[in-house]
Amino acid sequence: MLVSMPATTQSPPQGDRNPGSQSALRELNRQRVISSLLGSGPLTQAELARQTGLSTATVFNIVKMMLASGSIETQPTTSSGRRALLVRLRNNGAVAVGVDFGRRHLRIVIVTLGFEVVAEQHVELPIGHRAEASLDRASQLLSGMLEEQNIPPAAVLGVGVGIPGPIDRRTGTVVQGAILPEWVGIHLNDLEKPLNFPVVFDNDANLGALAEVTWGTHNTVKNLVFVKIGSGIGAGLILDGHPFSGNFGITGEIGHQTIADNGIPCHCGNRGCLETVASTSAMMALLGTRAPVTTSDIIRNALAGDAATLRVMDDAGAAIGRGLASIANLINPEVIVIGGPLASLGQILLAPITRGLLRHAVPSVGEATRLVMSSLGDRAEALGAASLVLQSPGLLRG
Ligand SMILES: [Zn+2]
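Note that the structure is predicted; figures quoted are calculated from it, not measured. (Residues numbered from 1 in each chain as written. Predicted model: local features only at pLDDT ≥ 70, side-chain atom pairs only at ≥ 80, totals over all residues. Heavy atoms only, no water.)

Engineer: Go over the overall build of the protein, please, and point to the residues and values.
Structural biologist: Along the backbone of the protein there are 15 helices and 15 strands. Along the first, second and third principal axes, the C-alpha set of the protein runs to 80 × 50 × 40 Å. Scored against the burial criterion, the 398 residues of the protein give a buried share of 53%. Across the protein, contacts joining residues at least 24 apart in sequence account for 63% of those joining residues at least 6 apart. (Helix = DSSP H or I, 4+ residues; strand = E, 2+ residues; numbered from the N terminus. Buried < 20%, exposed > 50% of the residue type's maximum accessible area, 1.4 Å probe, protein only. Contact = heavy atoms within 4.5 Å.)

This is the structure:
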């Protein structure tokens, strides 16, 4: 089965005597609408107009035309309390795959062009897992999922991969500082061979940020910071509506911001980093002195009101809030989203982070920055990886 993208399935309307004029313009506008829907996920007509820069009347006409041709579908929704129509690309059989590797897990999602998850799997991986073995595991898992859903390999546009470590875009390799030291030096090519599909990859926090503006409730937000608190701490940035990758891709390394000058050594080579006091690994070390504790134990104990766990959570939150204050002062985001396994703690963690942020940020910035837990939970990074595929024109045209 060959699957082509909606962008190429339909030629511009034929029969126009002057192809350079109306029909060409209409086709150009249609492509802009498709790009927006792939780049941001389903949008209302008003949001589409804002994103594409087209007038609402033009968007209305394109939506009508695309509805008639069957390339999109709409669904009633509410936007700012008003009735609106949510527009999404219709499932044409093509899928994007998102794979998220963590220190102890692997998650795979298969999604349609309309941002619907058709399959999802999550498996535990051993601590210290090596790239080769884990990529083989991912490949097998993905083959099984595709088979189960009757999706032919030709329908897979590409695989997006999230890795918990910094990636140097100049060389396309995972570099020092990764919380998976076994993966340092891994190159994009090393992923493509075992996965057997075109691959795009990025740092997991960057993908979390991308997921928030494509799958989350923030798809019209221009400036967003996604903070992943897990075995490590990292941030992904959306600036002026676009993922920010800096000079060569290593951005948002807030986990390695110095919090305590004479603190304990960090795996990055520095000491007293935020990660050494506020990551789940740090919490496990602090709370596991008598008997080892897991992240699930920490969450359960915090929700049960265990005093020691709440104290550790409060200190960690305040330190994270302080770290976030510098970022908020620098970029003045509308929203900071907290992701990772602790997102289910809600106010227990959000309250001390808010306190830290308000205490250390410029007052007007601190007060205006919305601080929320991710609504995507542990799926954010895998969903963001799938979004990365949908936003990669090279893969889509391939
Ligand atoms: Zn560090």
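Moving on from the coordinates now.
Engineer: Account for the confidence of the model for the protein, naming residues and giving values.
Structural biologist: Mean pLDDT over the protein works out to 90, with 94% of the residues at or above the 70 mark. Taken as a whole, residues 7-16 scores under 50 in pLDDT and shows 15 contacts with residues more than four places along the chain or in a different chain. (pLDDT = per-residue confidence, 0-100.)

Engineer: Provide a residue-level description of the packing of helix 2 (residues 22-40) against helix 4 (residues 56-69), including the pertinent values.
Structural biologist: Packing of helix 2 against helix 4 brings their axes to within 10 Å, and their N-to-C directions diverge by 85 degrees. Between helix 2 and helix 4, the interaxial angle falls into the category roughly perpendicular. Each of Arg-26, Asn-29, Arg-30, Val-33 and Ile-34 in helix 2 lies in contact with helix 4, whose residues at this interface are Thr-58, Ile-62, Met-65 and Met-66. Taken together, the residues that form the contact of helix 2 with helix 4 break down as five nonpolar, two polar and two charged. (Axes fitted to C-alpha atoms, helices over the stretch in contact; angles between N-to-C directions. Parallel < 35°, antiparallel > 145°, perpendicular 65-115°, else oblique. Nonpolar A, V, L, I, M, F, W, Y, C, P; charged D, E, K, R; others polar.)

Engineer: How would you sum up the coordination of the zinc ion? Please name residues and give values.
Structural biologist: Distances from the zinc ion to its protein donors, His-256 (ND1), Cys-266 (SG), Cys-268 (SG) and Cys-273 (SG), fall at 2.0 to 2.3 Å. Taken together, the four donor atoms surrounding the zinc ion define angles of 102 to 123 degrees at the centre, an arrangement classified as tetrahedral. (Donors = N, O, S within 2.8 Å, 3.2 Å for Na, K, Ca; no water. Tetrahedral: all angles 85-135°; square planar, octahedral: opposite > 155°, others 65-115°.)

Engineer: An account of the domain arrangement of the protein is needed here, citing residue identities and associated values.
Structural biologist: Partitioning the protein into domains gives domain 1 (22-89), domain 2 (95-207) and domain 3 (217-375). Using only C-alpha atoms to locate each centre, domain 1 and domain 2 end up separated by 31 Å. Between domain 1 and domain 2, the contact holds seven residues from the first and four residues from the second. When domain 1 packs against domain 2, close to 430 Å² is buried across both sides, 60% of that on carbon and sulfur atoms. Taken as a group, Leu-38, Arg-88 and Leu-89 account for 67% of the area that domain 1 buries against domain 2, more than any other trio of residues on that side. Our enumeration of links across domain 1 and domain 2 arrives at zero salt bridges. Those elements that provide at least two residues to the side of domain 1 that touches domain 2 are helix 2 and strand 3 (82-89). (Domains from an automatic or database assignment. Buried area = accessible area lost by both parts, 1.4 Å probe. Salt bridge = Lys/Arg side-chain N within 4 Å of Asp/Glu carboxyl O.)

Engineer: Can you break down the environment of Phe-115 residue by residue, with the values?
Structural biologist: Along the polypeptide, Phe-115 turns up in the loop between strand 5 (105-112) and strand 6 (117-124). In this structure, the C-alpha to C-alpha distance between Phe-115 and Glu-253, residues 138 residues apart in sequence, is 29 Å. Excluding its chain neighbours within four sequence positions, the residues that come into contact with Phe-115 are Leu-37, Leu-38, Gly-41, Pro-42, Arg-88, Thr-214, Trp-215, Ser-387 and Leu-390.

Engineer: Give me the pairing of strand 7 (residues 156-163): which residues, what numbers.
Structural biologist: Counting buried positions over the eight residues of strand 7 gives eight, a clear majority of the element. As defined by bridge partners, strand 4 (residues 95-101) adjoins strand 7 across six bridges and the pair is classed as parallel. Within strand 7, the position partnered with Val-95 by the bridge is Val-156. Alignment of strand 7 against strand 10 (residues 199-203), held across five bridges, turns out to be parallel. In the strand pairing of strand 10, Val-161 is matched with Phe-201. (Pairing = 2+ DSSP bridges.)

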